[in-house]
Amino acid sequence: MIVYINGEFVKEEQAVVSVFDRGFLFADAVYEVTTILNSRLIDFKSHMTRLRRSSAELELLLPYTDDELLTIHQQLIEKNNVNEGLIYLQLTRGNAGQRDFLFPSKSVEPTLVLFAQKISIIENSKAKAGIRVVAYDDIRWQRCDIKTTSLLAASLAKQYAYSQGADDAIFVKNGLITEGSSSNFFIITQDNTLKTRALSHEILPGITRQAILALAKEQKLSIEETAFSIEEAIAAKEAFITSATSVVYPVIEVDGQKVGQGKPGLLAHRLREIYIQAMSVP
Ligand code: PMP
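Notes on the structure in this doc start here. (Residues numbered from 1 in each chain as written. Predicted model: local features only at pLDDT ≥ 70, side-chain atom pairs only at ≥ 80, totals over all residues. Heavy atoms only, no water.)

## Focus on empty space enclosed by the protein
1) Next: Scanning all chains against the criterion turns up 1 cavity of 30 Å³ or more.
2) Next: The volume enclosed by the largest cavity comes to roughly 50 Å³.
3) Next: Taken together, Thr 35, Ile 42, Asp 43, His 47, Thr 208, Ala 244, Val 247, Tyr 275 and Met 279 make up the full set of residues lining the largest cavity.
4) Next: Of the residues belonging to the lining of the largest cavity, the class tally is 5 nonpolar, 3 polar and 1 charged. (1 Å grid on protein atoms, 1.4 Å probe; cavity = no way out; pocket = protein on both sides within 12 Å on 5 of 7 lines; lining within 4 Å. Points joined across faces, edges and corners; volume = space filled by probe spheres on them. Nonpolar A, V, L, I, M, F, W, Y, C, P; charged D, E, K, R; others polar.)

Structural data, given as structure tokens:
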């Protein structure tokens, strides 16, 4: 695989980051994952806008224009011959030369790494069959709106879900669902209202969440950005998660209890189809 590191495209074995890189020592880093469909980037601008916001919140230098970042993304797609998959981008505060909690001086160059991964987005068994999720205590920090590489809580949550025979975990805070371990979470109530948690420091402002809400609005669905509980999710007609790489996965079970008929919901399916359709238009 050809990867990008600090201005160069190299074979993955040749891409090296210092042990003193703050991304490694402190998870002092932000990231983005952009989907590739038909060798094209989906919602690229929105991902870069969020990247800039994440970096600014951490006072992390991002000395690249969107056009420069776009070129790097496109070259990686080309060099690795990716038709369907993702580009992962990570920006760290760089190599501080030692381990110190304080930020290094401004002269330290940030580390920028990007790589591509081929995955099936359209033909996907989870999208077809739906997923089973379990609740997990939201033990994350209080700035979940910043997309940092500090992902241990998400990893623990997913590991717990797998140990329970489920596909994924959803975080619960003070009795209310915040979001999925690496996705946003939606329900459709029995009276056909689409509900998802409102944006705050407690969730990541998902690019797919934003796109799905816009499409739902176009479809004249009734929408409420509000918090709800596990019980409300189980009592819902449908549930689903959204993220760049899953697009929309129907949720068919929460904590071992069926949602609706325990089958992928019609609206989740429709929103997925409409979004994929919209993404496929050049
Ligand atoms: N929430 C969390 C915690 C996530 O990790 C992700 C995916 N990175 C999302 C939501 C979905 O965001 P997006 O739609 O931009 O992929």
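## Some words on the site of the ligand
1) Next: Taken together, 17 residues are adjacent to the ligand, and Arg 50, Lys 147, Glu 179, Thr 208 and Ala 244 come closest.
2) Next: In the environment of the ligand, an oxygen atom lies 2.8 Å from a nitrogen or oxygen atom belonging to the backbone of Ile 207.
3) Next: Between the ligand and the protein, one listed contact pairs an oxygen atom with a side-chain N or O atom of Thr 208 at 2.6 Å.
4) Next: When atom positions are compared with the pocket grids, the ligand is found to occupy the largest pocket.
5) Next: Elements with a minimum of two residues in the shell around the ligand: helix 2 (44-57), helix 6 (207-218) and strand 13 (238-243).
6) Next: Classifying every residue of the shell around the ligand gives 4 nonpolar, 9 polar and 4 charged.
7) Next: For the shell around the ligand, the domains that each give at least three residues are domain 1 (2-118) and domain 2 (125-280). (Near = heavy atom within 4 Å. Polar contact = N/O pair within 3.5 Å; in protein donor to acceptor, adjacent residues only side chain to side chain. Sits in = over half its atoms within 2 Å of the grid points. Helix = DSSP H or I, 4+ residues; strand = E, 2+ residues; numbered from the N terminus. Domains from an automatic or database assignment.)

## Some thoughts on the packing of aromatic side chains
1) Next: The full count for this structure, using the stated rule, is 8 aromatic pairs.
2) Next: Considering the side-chain rings of Tyr 136 and Tyr 160, the 5.5 Å spacing of their centres and the 45 degrees angle between planes classify their relative orientation as tilted. On the criterion of sequence distance, the pair formed by Tyr 136 in strand 7 (residues 131-137) and Tyr 160 in helix 5 (residues 152-163) is long-range, its members being 24 residues apart.
3) Next: Both rings, one in Phe 185 and one in Phe 228, keep their centres 6.1 Å apart while their planes meet at 40 degrees; by these two values the pair is tilted. With Phe 185 in strand 10 (residues 184-188) and Phe 228 in the loop between strand 12 (222-225) and helix 7 (230-234), this residue pair connects regions lying 43 residues apart in the sequence.
4) Next: Take Phe 185: its relative accessible area is 1%, and that puts it in the buried class.
5) Next: By way of ring pairs, the aromatic residues Tyr 31, Tyr 88 and Phe 115 are connected into one cluster.
6) Next: It is Lys 79 that lies over the ring of Phe 9; its NZ or CZ is 4.9 Å from the centre.
7) Next: Against the face of Phe 103 rests Arg 93, its NZ or CZ located 3.4 Å from the ring centre. (Phe/Tyr/Trp six-rings, centres within 6.5 Å; stacked < 30°, edge-to-face > 60°. Buried < 20%, exposed > 50% of the residue type's maximum accessible area, 1.4 Å probe, protein only. Lys NZ or Arg CZ within 6 Å of the ring centre and 35° of its normal.)

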